[in-house]
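# Residue-level structure breakdown
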Amino acid sequence: MSERLALSKLTGLPRTVACPGYDPAAHGSGIVHIGVGAFHRAHQAVYTDSALARKGGDWRIDGISLRSTDIADALNPQDGLYTLIIRGEEGISARVVGSIRRVIAAAREPDAALAALAAPETRIASMTVTEKAYGIDRARGAVDTGHPAIAADLANPRAPAGVIGMLVEGLRLRRERGLAPYTVLCCDNLPDNGSLVRAGVLNFARRVDPALAGWIENNVAFPATMVDRITPAATEATLAEAERLTGFADLAAIETEPFTQWVIEDHFTAGRPAWEADGAIFVEDVAPYEAMKLRMLNGTHSMLAYAGFLSAHKYVRDVMADAALARLVRRYMQAAAATLSPLPGIDFTDYANALAKRFANPAIAHETYQIAMDGTEKLPQRILGAASHALENGQDIRPFAFAVAAWMRYALGRTDDGAPYTLRDPREEVIRGALAGANDAGDIARALFALPGVFPERLTGDERWTSLVTEILATMLHKGMAGAVKEEAERQSR
Ligand code: CS2
């Protein structure tokens, strides 16, 4: 293996690799980011890198990894540097990103994580921890006391291990020390993510320290954001490619697409980096952008992930090369667009065309099985809200029913050939229990519709919806997924 990438090696990089346009070591940190996964490294860290290059400031990022220690062990010996590989149809480019200062593995150094949140220079606490990590009951705007991290942190709030507990303890320490709070910036694919996290943080704080809750309510900003960049999990091939491009070993390299988008509510009480320098868009209200992205991009992604995985398509690009499935992708986007309120300056047909092109990008190996993960956490905001809207407004519900039937078929945990796979869903056990003894499409649909906290009453209480999902699921069971997809696409062209 070559030498590891590090600050002292930047001058040794080939000219073809773009370097930070600033001296990373000369900038202090101002952001603590929880969840330093591939997505953060392809998105917020890159915007911050560009902002540092163009506008300077002490805005480097101290990462916190909640559970795994791998990313800390990969990035820290590299002085936080990593290679971002961008793969478009036109070719490949590489850039070394310098905005991450260090990563704290909270499981190993819990005090260091809290110290970073409570440090005077920390002005933003942002996060990408995936939907399931929050433990917020959306319907009630309160924490879910049955969520493992919430339960553990409520019992031991001074030594939190989950994201909400950590944000609250960080704020408690700041208040105790007379420091201004940080702005809390949620960058996960959740509707109204700012308000959602605010509700969870306030509710948690109320349970442990009501005076703190009052202080948070009056002083802490929780701007909402819409984030977008298709970023597959890194593989050995990613790391090998980074080494080939840079000449250095890099255990934190990632690859992503050329497209990137970030829409943010400009409400930061303690300042922020000049993210607009790299094209971030600041708006009054993120909600309509978020709805468009969640329903058109992520909803379609989930639909094609279940139908594609079970049609033996490993990658999203393979799904797009399957004419029948590609037609269903188009149909789904159109139906999702019909549930949205108009957004000035955005043509949903153009947006759909751009999405189809991004999904088809032959250079991006995005696994359907990766997107299929955590379905019960993703379905509500991606598919079920749009389905409810369509049902209530007399619009076409069939594309949504097909998507949900595909998820139900996936929830059985075996392919049409009988090969088993794990669902990789936090409710996996519950699903298995619910499906024990379910024999036909009717039993399966009934059992899954009854899962607590997934399907809204508006859908499960409507016979048109439940019978359509059941009917499509029955076709999937009888004809196999590929057969059902073909039949559905033919129906579409009739
Ligand atoms: C995907 C998203 O894995 C998934 O569920 O739908 O990660 C998607 O690639 C991103 O939201 C794109 O911005």
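The rules behind each value
- Residues numbered from 1 in each chain as written.
- Predicted model: local features only at pLDDT ≥ 70, side-chain atom pairs only at ≥ 80, totals over all residues.
- Heavy atoms only, no water.
- 1 Å grid on protein atoms, 1.4 Å probe; cavity = no way out; pocket = protein on both sides within 12 Å on 5 of 7 lines; lining within 4 Å.
- Points joined across faces, edges and corners; volume = space filled by probe spheres on them.
- Helix = DSSP H or I, 4+ residues; strand = E, 2+ residues; numbered from the N terminus.
- UniProt positions renumbered as here; feature names shortened; annotations may be inferred.
- Axes fitted to C-alpha atoms, helices over the stretch in contact; angles between N-to-C directions.
- Parallel < 35°, antiparallel > 145°, perpendicular 65-115°, else oblique.
- Contact = heavy atoms within 4.5 Å.
- Nonpolar A, V, L, I, M, F, W, Y, C, P; charged D, E, K, R; others polar.
- Near = heavy atom within 4 Å.
- Polar contact = N/O pair within 3.5 Å; in protein donor to acceptor, adjacent residues only side chain to side chain.
- Areas by Shrake-Rupley, 256 points an atom, 1.4 Å probe, with all protein chains shown as cover.
- Domains from an automatic or database assignment.

Turning our attention to the layout of surface pockets. Its volume calculated, the second largest pocket comes out at about 220 Å³. Taken together, 14 residues form the lining of the second largest pocket, with Ala-411, Leu-412, Gly-413, Arg-432 and Leu-435 sitting closest to its centre. Ranked by residues supplied to the lining of the second largest pocket, first place goes to helix 17 (residues 428-435) with 4 residues.

This paragraph deals with the UniProt feature "domain: Mannitol dehydrogenase C-terminal" (unreviewed entry) in the protein chain. Residues given the UniProt feature "domain: Mannitol dehydrogenase C-terminal" (unreviewed entry) here are residues 285-440. With 64% helix and 0% strand, residues 285-440 has its two end C-alpha atoms placed 45 Å apart.

Attention now goes to the packing of helix 6 (residues 163-176) against helix 8 (residues 210-219). One way to put it is that helix 6 packs onto helix 8 with a least axis distance of 10 Å and a crossing angle of 90 degrees. With respect to each other, helix 6 and helix 8 are oriented roughly perpendicular. Seen from helix 6, the contacting residues are Val-168, Leu-171, Arg-172 and Arg-175; seen from helix 8, they are Ala-211, Leu-212, Trp-215 and Ile-216. Residue composition of the contact of helix 6 with helix 8, grouped by class: 6 nonpolar, no polar and 2 charged.

Around the ligand, the neighbouring residues are Asn-189, Asp-228, Arg-229, Ile-230, Lys-293, Asn-298, His-301, His-366, Ile-371, Lys-378 and Arg-382. Contact between the ligand and Asn-189: an oxygen atom at 3.0 Å from a side-chain N or O atom of the residue. Taking Lys-378, its side chain carries an N or O atom lying 2.8 Å from an oxygen atom of the ligand. Protein chains bury 89% of the 340 Å² of accessible surface belonging to the ligand in isolation. For the shell around the ligand, the secondary-structure elements that each account for two or more residues are helix 10 (287-309) and helix 15 (375-392). Tallying contributions element by element places helix 10 first for the shell around the ligand, with 3 residues. Built from parts of two domains, the shell around the ligand gets at least three residues from each of domain 1 (7-283) and domain 2 (287-493).

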